[in-house]
Amino acid sequence: METDGAGATIRNEEAGLDLDLSAEYVRGHDLRNGRYTLGIRPENIVLDESPSGDENLRSTVEVVEPIGSDNYVHLTVTEDFLARSPADVKPEAGDEVGVSFAEEHIHLFDPETGEDVFLTDEEIAAAVA
């Protein structure tokens, strides 16, 4: 993570990720330059079977698990990177796909505390109530 106090950029060269976060999204959060663990739920990942360059990153499909109404798609982004896609999105193992997600679905976990740095005080209070 690199931040200038206004916006922020999440980078992982190994995964091919270079994601700019808007100033509106990072405002009010105590972000600092350094390493975080990126989390995103499988249902918040959008796959494009014909990558155009507009996606957040590209990845190779390892395995596709049809589960009826959806497919679980295992990707080579990192170990255990899983996307949940509609049943009509049917990449095959070995295919390159585009991977996209909206910034509001991103979780960044502090490696020392394990806390999600994007949770607000209200969200934390609601979670423990």
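Reading the values: the criteria
- Residues numbered from 1 in each chain as written.
- Predicted model: local features only at pLDDT ≥ 70, side-chain atom pairs only at ≥ 80, totals over all residues.
- Heavy atoms only, no water.
- Helix = DSSP H or I, 4+ residues; strand = E, 2+ residues; numbered from the N terminus.
- Buried < 20%, exposed > 50% of the residue type's maximum accessible area, 1.4 Å probe, protein only.
- Contact = heavy atoms within 4.5 Å.
- Polar contact = N/O pair within 3.5 Å; in protein donor to acceptor, adjacent residues only side chain to side chain.
- Patch = residues over 30% accessible without salt bridge, like charges linked within 9 Å, V, L, I, M, F, W, Y side chains within 5 Å.
- Areas by Shrake-Rupley, 256 points an atom, 1.4 Å probe, with all protein chains shown as cover.
- Salt bridge = Lys/Arg side-chain N within 4 Å of Asp/Glu carboxyl O.
- Lys, Arg positive; Asp, Glu negative; His and termini not counted.
- Charge placed at Lys NZ, Arg CZ, Asp CG, Glu CD.
- Pairing = 2+ DSSP bridges.
- pLDDT = per-residue confidence, 0-100.

Draft legend 1. Representation of the overall build of the protein chain in the model. Looking only at helices and strands, the protein chain has two helices and 10 strands in total. In the protein chain, the succession of helices and strands from N to C terminus is β-β-β-α-β-β-β-β-β-β-β-α. Projecting the C-alpha coordinates of the protein chain onto the three principal axes gives extents of approximately 40 × 35 × 25 Å. Classification of the 129 residues of the protein chain by burial places 34% in the buried group. Put simply, 58% of the contacts in the protein chain that link residues at least 6 apart link residues at least 24 apart.

Draft legend 2. Quick peek at the side chain of Asn44. Tracing the backbone through its elements, the reader meets Asn44 in the loop between strand 4 (37-39) and strand 5 (46-48). At 3.4 Å, the side chain of Asn44 forms a polar contact with the side chain of His105.

Draft legend 3. Summary view of a negative patch on the surface. Taken together, Asp48, Glu49, Asp54, Asp88, Glu92 and Asp95 make up a surface patch of like negative charges. Mapping Asp88 onto the fold places it in the loop between strand 8 (81-86) and strand 9 (96-100).

Draft legend 4. Molecular detail of the pairing of strand 2 (residues 8-12). Pairing of strand 1 (residues 2-3) with strand 2, which is carried by two bridges, proceeds in the antiparallel orientation. Residue pairing across strands places Glu2 opposite Thr9, the latter belonging to strand 2. Linking strand 1 back to strand 2 in an antiparallel pair, the connection comprises four residues, with Gly5 at a positive phi of about 95 degrees. Sheet analysis places strand 2 next to strand 3 (residues 17-21), joined by five bridges and oriented antiparallel. Each residue of the ladder has a partner; that of Ile10, found in strand 3, is Leu19. Linking two consecutive strands that pair antiparallel, namely strand 2 and strand 3, is a turn of four residues; a positive phi of about 80 degrees is found at Gly16 within it.

Draft legend 5. Quick peek at the confidence of the model for the protein chain. The share of residues in the protein chain with pLDDT of 70 or more is 99%, and the mean pLDDT across the chain is 88. The least confident element of the protein chain is helix 2 (residues 121-128), whose mean pLDDT is 76; the most confident is strand 7 (residues 70-75), at 95.

Draft legend 6. Spotlight on the sheet that holds strand 3. On the basis of which strands lie adjacent, the open sheet formed by three strands has the order 1-2-3 and antiparallel pairing. One side of each edge strand has no neighbouring strand; the edge strands of this open sheet are strand 1 and strand 3.

Draft legend 7. Quick peek at the environment of Glu49. Locating Glu49 in the fold gives a position in the loop between strand 5 and strand 6 (57-66). For the pair formed by Glu49 and Pro91, sequence separation is 42 residues and the distance between their alpha carbons is 6.4 Å. Beyond its immediate stretch of four places on either side in the chain, Glu49 contacts Asp88, Val89, Lys90, Pro91, Glu96 and Val97. Only 3.4 Å separates the side chain of Glu49 from the backbone nitrogen of Lys90, close enough to count as a polar contact.

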